[in-house]
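Take a look at the letters that make up each chain.
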Amino acid sequence: MAEPIRVVVTGAAGQIAYSLLYMIARGEVFGKDQPLILHLLDIPPMVGVLEGVVMELADCALPLLREVVPTTDPAVAFKDVSAAFLVGAMPRKEGMERKDLLSANVKIFKAQGQALDKYARKDVKVLVVGNPANTNAVVCSFYAPSIPRENFSAMTRLDQNRATAQIAAKAKVPISDVKNVIIWGNHSSTQFPDASHAVVTVGNTEKPAVEAVGDAEFLKSSFVETVQKRGAAVIAARKMSSAMSAAKAACDHMHDWWNGTAPGQYVSMGVISDGSYDAPKDVIYSFPVEIKNKQWKIVQGLSLDDFAKSKMAVTGKELLEEKNEAMAVCNAD
Ligand code: NAD
Ligand code: LMR
């Protein structure tokens, strides 16, 4: 058996973490032969709840889980971690946009960037889940200058999973028969879910999604809107934001980063923009990426029509505005 790795989950007493911790500790992210030491960070008022989570993890009797370190101290939480799931942040309520959380949440990611910089391994893989996720990730990376910018990512995998599920339902095929749906831009209602390069297996043949779905208008209208507004729809129904599906997406994201993508397949991740596809540089923009040896690479050469270009410009502009606002909040601190 390999040596245990240290993995931190922040917001460990919250909703998403309640599903996420079990999935990680079962080996669904880092592998069934990778022992783990889980660091659980939350804030002092949540210590009692955190104790309950620690009891339940023990009671799960999970063979890969070697140790659990509950803490409210970032110095302990981030010490020597190889992977960080940054979940801890305020969720939005009905009627809010995710960027309305910016002033409340961005300082958390400034402080955690500083703590990662000081205490984590330099090859740590950081996944930001807390909203507004892309902008929190860019802030976190800015305050952790000794860690490569490529090691910071934001979660748009939930959007990808939602989009894939919509296509599968419309084409009447199992989820596993749909691949390469893309999420461009921000994890917000300006994101652009793009099925124009997606492929659906029908019988023994692979077809473009537009052919399998048989409805080009659907892919430009209700498909896009449903995915853009799915988070709000879940909040309206549950009165709380998505948690089970968010935890599953966080596992999928880190799993693929750790283990790589299958040949011919790509996944969407918010990563530091190099200006590919005319996205603004130096924001965390969701691109299709291929992953090998724990390194992602933006998929190049995909054709974009005017519809796609206009949607991508809108979401890019929003990310620049959010980044400027976030840096102003941090500088005022
Ligand atoms: P929650 O309120 O149930 O849990 C959040 C936890 O974070 C709480 O226990 C809270 O005490 C803790 N916390 C707050 N500040 C902290 C800090 N400084 N350090 C450590 N912990 C801290 O919320 P949730 O439903 O688990 O959602 C968490 C975040 O994830 C929200 O911002 C939500 O909007 C976001 N989210 C993102 C996606 C995505 O796709 N990117 C999906 C779902 C939810
Ligand atoms: C989601 O997409 O479900 C999350 O970002 C939560 C939210 O606020 O919508």
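By the naming in an unreviewed UniProt entry, the protein chain goes by Malate dehydrogenase and is assigned to Musca domestica. Of the comments in the UniProt record for the protein chain, the one headed Sequence similarities (unreviewed entry) reads "Belongs to the LDH/MDH superfamily. MDH type 2 family." Database annotation for the protein chain, UniProt heading Catalytic activity (unreviewed entry): "(S)-malate + NAD(+) = oxaloacetate + NADH + H(+)".

Helix and strand counts for the protein chain come out as 12 helices and 14 strands. On C-alpha atoms alone, the protein chain measures out to a radius of gyration of 19 Å, which is about the 20 Å that the 2.2 N^0.38 rule sets for 333 residues. Taking the principal axes of the C-alpha coordinates as reference, the protein chain spans close to 50 × 45 × 40 Å. Taking as baseline every contact in the protein chain between residues at least 6 positions apart, the subset at least 24 positions apart corresponds to 74%. Summing over all exposed atoms, the protein chain offers an accessible surface of approximately 14400 Å²; the carbon and sulfur share of this is 54%. One finds the centroid of the 36 positive side-chain charges in the protein chain at a distance of 1 Å from the centroid of its 37 negative side-chain charges.

Below, the discussion takes up the pattern of salt bridges. Scanning all chains against the criterion turns up 13 salt bridges. K239 is the salt-bridge partner of E94, the closest N and O atoms lying 3.6 Å from each other. Of this pair, E94 sits in the loop between β4 (83-86) and α4 (102-119) while K239 is found in the loop between α10 (230-238) and α11 (244-259), placing the two residues 145 residues apart along the sequence. The pair E94 / K239 is uniform in exposure class, with both members exposed. D215 serves as the salt-bridge partner of K170, at 3.6 Å between the closest nitrogen and oxygen. Taken together, the residues span a long stretch of sequence, with K170 in helix α6 (residues 157-171) and D215 in the loop between α7 (209-213) and α8 (216-220) at a distance of 45 residues. For D215, a relative accessible area of 26% gives the class partly exposed.

The local shell around ligand 1 holds 25 residues, among which Q15, D42, M90, V129 and N131 are the closest. In this structure, D42 approaches ligand 1 through a side-chain N or O atom, which is 2.6 Å from an oxygen atom. At 3.3 Å, a side-chain N or O of Q112 approaches a nitrogen atom of ligand 1. Elements with a contribution of two residues or more to the shell around ligand 1: α1 (15-25) and α4. Of the residues in the shell around ligand 1, the class split is 14 nonpolar, 10 polar and one charged. Formed jointly, the shell around ligand 1 draws a minimum of three residues from each of two domains, domain 1 (5-154) and domain 2 (156-322).

The next subject is the packing of aromatic side chains. Considering all chains together, one arrives at eight aromatic pairs under this definition. Seen in terms of ring centroids, Y285 and F287 are 4.9 Å apart; in terms of plane orientation they differ by 40 degrees. Their pairing is tilted. Like Y285, the residue F287 is buried in the burial classification. Ring pairing ties together the aromatic residues W184, Y277, Y285 and F287, which thus form one cluster.

Basis of the calculations
- Residues numbered from 1 in each chain as written.
- Chains lettered and ligands numbered in written order.
- Predicted model: local features only at pLDDT ≥ 70, side-chain atom pairs only at ≥ 80, totals over all residues.
- Heavy atoms only, no water.
- UniProt positions renumbered as here; feature names shortened; annotations may be inferred.
- Helix = DSSP H or I, 4+ residues; strand = E, 2+ residues; numbered from the N terminus.
- Rg over C-alpha atoms; globule rule 2.2 N^0.38 Å.
- Contact = heavy atoms within 4.5 Å.
- Areas by Shrake-Rupley, 256 points an atom, 1.4 Å probe, with all protein chains shown as cover.
- Lys, Arg positive; Asp, Glu negative; His and termini not counted.
- Charge placed at Lys NZ, Arg CZ, Asp CG, Glu CD.
- Salt bridge = Lys/Arg side-chain N within 4 Å of Asp/Glu carboxyl O.
- Buried < 20%, exposed > 50% of the residue type's maximum accessible area, 1.4 Å probe, protein only.
- Near = heavy atom within 4 Å.
- Polar contact = N/O pair within 3.5 Å; in protein donor to acceptor, adjacent residues only side chain to side chain.
- Nonpolar A, V, L, I, M, F, W, Y, C, P; charged D, E, K, R; others polar.
- Domains from an automatic or database assignment.
- Phe/Tyr/Trp six-rings, centres within 6.5 Å; stacked < 30°, edge-to-face > 60°.

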